[in-house]
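An overview of the molecular structure
So you can see what is in the structure, the chains are spelled out below.
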Amino acid sequence: MSKIIRIGTRDSQLAMWQAKTVQSQLEHLGHKTVLVPIKSTGDLVLDKPLHELGITGVFTKTLDIAMLKGIIDIAVHSLKDVPTVLPNGIIQAAVLKRGNINDTLVFKDNEEFLSAKDAIIATGSLRRRAQWLNRYPTHTIVGLRGNVNSRLEKLENNDEWDAAIFAGAGLGRLNLTPENSINLGWMIPAPAQGAIMITALDADEETKAIIAEINDEVTEICTSIEREFLNRLEGGCTAPIGAICYINKEEEINFKGILLSKDGSKKIEVVKVVPLGNHHNVAEFCADYIIGKGGKVLIDELTQGDKITNIYSTKQLTNDQKALFHDDVVAESNDDIKINPNRLSKTIIRNEIENVIITSQNTVESLLTNFSAIELQFKNIYCVGRKTKRMVEKRIGKVKHYEQYAKDLAEYMVEYMDGAEVTYFSSNLRLDTIPDILSENNIKVNEVEAYETKLDAKKVEGELDGVMFYSPSTVQSFLKYNEANGIAFCIGETTATEAKKHFKEVRVAKVPLVESVVELVNEFYL
């Protein structure tokens, strides 16, 4: 086989172990491979927004984009971290034989705390938290995040903690399972826990055929049932859901599922055993059973539970954009600026304008509110932003040149623009970048105020981890009623310039898209 299979993986120690395991199995069968660690989605620009492609997983998103861009042929994941609905064009190509399915308790000194009224257990998993509190309701659960090594280190260094809960497979694969640990056989694991999954492009028949050679059919059957059960219950809600499925010697499918309240005080369980071959409706039956026993009410309570906002967006987010956030993010959003088109005189466009600058989609809307597209006789249109360019070309006419940032566009025009005069359609609130650079280089700027930007922020209660900004005016609006606390997550350098005047820490998206700002926020919580 001459094809070299490019294996995409995150660059964490555990992810690399999983990718090397896949590599070893493929090379054992005579296939050539190469590992491709992928760090960030920042430079992987797609023609469509992530939500339109169905890309949602915090831990899988980077690899999904790399695959759709043709950078890798396959991606390796912990199956429990993969969304139950894969992105358009990507399929599950194989799962390896499953490893340790259990959760593992790592304790500090001994196991005596298990019988004590008071104990402190660390875990970042909602499922583990709920099941532990259901069994030990007087114990205290504290949050624990990070990679396996850092979590073990945090446990070791915290004198108040008695134990922490880990996935047994992760500890074992890194050869980090401490002597002072036990498998929690009573705790129902996360759906597909312990399984390694490989994705590929649905259209790549050659790669799919190769990867199918290492697929484990038993693991595929069992994890598919568990994930379907999760999908039918979840409904977009992150809930304490556990599921385990196995095939016994009698070739029977044994399934057990569980749904709990966040505090573990409520629990609904289901058990189902059917012959192998008659198992195709097991997940549906068990999910319906849970829902019928009060699961719908429980999930509604979880969805509406006590949530404290930790991220605020100065632009109203769509449901698809909200779905991209990490599980730890509780986001609130509001349009902190309101846009009102100005009434423009017909004299502005009476004659053909040779050079025009349009820096936002709001300008396009304002122009088309006042004039028809046929009336807008612009010879050379210069734009800021890919979305603005796309909107102009769809509704007004061809764009001569665009840049992502105002400074870059102004500098380009100084170098290459024909003529020495330009009409700049702007807002009442705008930066001086473009007119200053052009004027300094003897280019006359005829400024037309196309729309009014009204600062319309609200007071946000509580302490925020960060605020998402999309323009300098959103920064100004937010600060009318709020303090500059937390991190400023900015869509671009122009916005960041304004934020840096007020915020101690500012982070800038590599691609000027709302989805890229969401990605910045997610990176903070990993």
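Residues numbered from 1 in each chain as written. Predicted model: local features only at pLDDT ≥ 70, side-chain atom pairs only at ≥ 80, totals over all residues. Heavy atoms only, no water.

Okay, the overall build of the protein next. The helix and strand inventory of the protein stands at 16 helices and 24 strands. Residues classed as buried in the protein amount to 49% of the 526 residues present. Taking contacts inside the protein between residues at least 6 apart in sequence as the whole, the part at least 24 apart equals 64%. Looking at the protein as shown, the accessible area adds up to about 25200 Å², and 45% of this sits on carbon and sulfur atoms. When the 61 positive and 74 negative side-chain charges of the protein are each reduced to one mean point, those points stand 2 Å apart. (Helix = DSSP H or I, 4+ residues; strand = E, 2+ residues; numbered from the N terminus. Buried < 20%, exposed > 50% of the residue type's maximum accessible area, 1.4 Å probe, protein only. Contact = heavy atoms within 4.5 Å. Areas by Shrake-Rupley, 256 points an atom, 1.4 Å probe, with all protein chains shown as cover. Lys, Arg positive; Asp, Glu negative; His and termini not counted. Charge placed at Lys NZ, Arg CZ, Asp CG, Glu CD.)

What follows covers the packing of aromatic side chains. This structure, assessed with the given rule, holds eleven aromatic pairs. With a centroid separation of 4.8 Å and an interplanar angle of 40 degrees, the aromatic rings of Tyr412 and Tyr416 are classed as tilted. Residue Tyr412 and its partner Tyr416 are located together in helix H12 (residues 406-416), separated by four residues, close to a single helical turn. With a relative accessible area of 23%, Tyr412 lands in the partly exposed category. Through successive ring pairs, a cluster of aromatic residues spans Tyr312, Phe469, Phe478 and Phe503. Residue placement shows Arg135 over the ring face of Trp186; its charged tip is 4.3 Å from the ring centre. The ring of Phe285 has Lys272 lying over it, and the distance from NZ or CZ to the ring centre is 4.1 Å. (Phe/Tyr/Trp six-rings, centres within 6.5 Å; stacked < 30°, edge-to-face > 60°. Lys NZ or Arg CZ within 6 Å of the ring centre and 35° of its normal.)

What the three strands build is an open sheet, ordered S11-S12-S13; its pairing is antiparallel. For this open sheet the edge positions go to strand S11 (241-247) and strand S13 (267-275), each flanked by a neighbour on one side alone. On average, each strand axis in the sheet is inclined to that of its neighbour by 10 degrees, with strand direction left out of account. Note: S11 against strand S12 (residues 252-260), seven bridges, orientation antiparallel. Opposite Ile244, over in S12, you have Lys256 as the bridge partner. (Pairing = 2+ DSSP bridges. Axes fitted to C-alpha atoms, helices over the stretch in contact; angles between N-to-C directions.)

Okay, the state of the cysteines next. In this structure the tally under the stated criterion is zero disulfides. Summary of cysteine pairing: Cys222 is not part of a disulfide, and the nearest cysteine sulfur, belonging to Cys245, is at 4.0 Å. Judged by its relative accessible area of 2%, Cys245 falls in the buried class. (Disulfide = S-S within 2.5 Å.)

What follows deals with the pattern of salt bridges. Throughout the structure, instances matching the rule amount to 22 salt bridges. Asp103 is the salt-bridge partner of Arg128, the closest N and O atoms lying 2.7 Å from each other. Taken together, the residues span a long stretch of sequence, with Arg128 in helix H3 (residues 126-135) and Asp103 in strand S5 (residues 103-107) at a distance of 25 residues. As far as the burial class goes, Arg128 and Asp103 line up, both buried. Among the ionic pairs, Glu411 bridges to Lys407, the shortest N-O distance being 2.7 Å. Of the two residues, Glu411 and Lys407 are both situated in helix H12; the distance of four residues between them amounts to about one turn of the helix. What you see here is one network of salt bridges that share partners, running through Lys3, Arg6 and Asp73. (Salt bridge = Lys/Arg side-chain N within 4 Å of Asp/Glu carboxyl O.)

Where strand S1 (residues 4-9) meets strand S2 (residues 32-37), six bridges bridge the pair, whose relative direction is parallel. Residue pairing in the sheet places Ile7 in a bridge with Leu35 of S2. Read from S1 through helix H1 (residues 13-28) to S2, the crossover connection turns out right-handed. Sheet topology places S1 next to strand S3 (residues 74-78); two bridges connect them, and they run parallel. Note on S3: the bridge partner recorded for Ile7 is Ile74. (Right-handed = clockwise from strand over helix to strand, strands pointing away.)

Moving on: the nonpolar core. Ranked by internal contacts, the top residues of the largest apolar core, which has 24 residues, are Ile225, Phe229, Leu233, Ile241, Phe255, Leu259 and Ile290. It is helix H8 (residues 282-303) that contributes the most residues to this core, eight residues altogether. Excluding anything up to four places from it in sequence, Ile225 contacts Cys245, Ile253, Phe255, His279, Val282 and Ala283. If you look at the next biggest cluster of nonpolar residues, it comprises 20 residues, including Ile353, Ile358, Phe371 and Met391. (Core = buried A, V, L, I, M, F, W, Y, C linked by side-chain atoms within 4.5 Å.)

With that settled, the discussion passes to H3. Looking at H3, one finds that the buried residues are Arg127, Arg128, Ala130, Gln131, Trp132 and Leu133. Two to three positions downstream of the cap, the backbone nitrogen of Arg127 sits 3.3 Å from a side-chain oxygen, assigning the N-cap of H3 to Ser125. (Polar contact = N/O pair within 3.5 Å; in protein donor to acceptor, adjacent residues only side chain to side chain.)

The next subject is helix H10 (residues 361-370). By the burial criterion, the buried members of H10 are Thr363, Val364, Ser366, Leu367 and Asn370. Along the axis of H10, the buried residues cluster in a sector spanning 165 degrees; they form a single face. Next to the buried residues of H10 lie strand S16 (337-341), strand S17 (353-358), strand S18 (378-384), helix H11 (386-395), strand S20 (421-427) and strand S21 (444-455). Backbone nitrogen of Asn362 and a side-chain oxygen of the N-cap are separated by 3.3 Å at the start of H10; the cap is Ser360. (Arc of directions from axis to C-beta.)

For the rest of this paragraph, the subject is the side chain of Ser181. Note on placement: Ser181 falls in strand S9 (residues 181-184). Judged by relative accessible area, which is 17%, Ser181 ranks as buried. Discounting residues that sit within four places of it in the chain, Ser181 has contacts with Thr104, Leu105, Val106 and Phe107.

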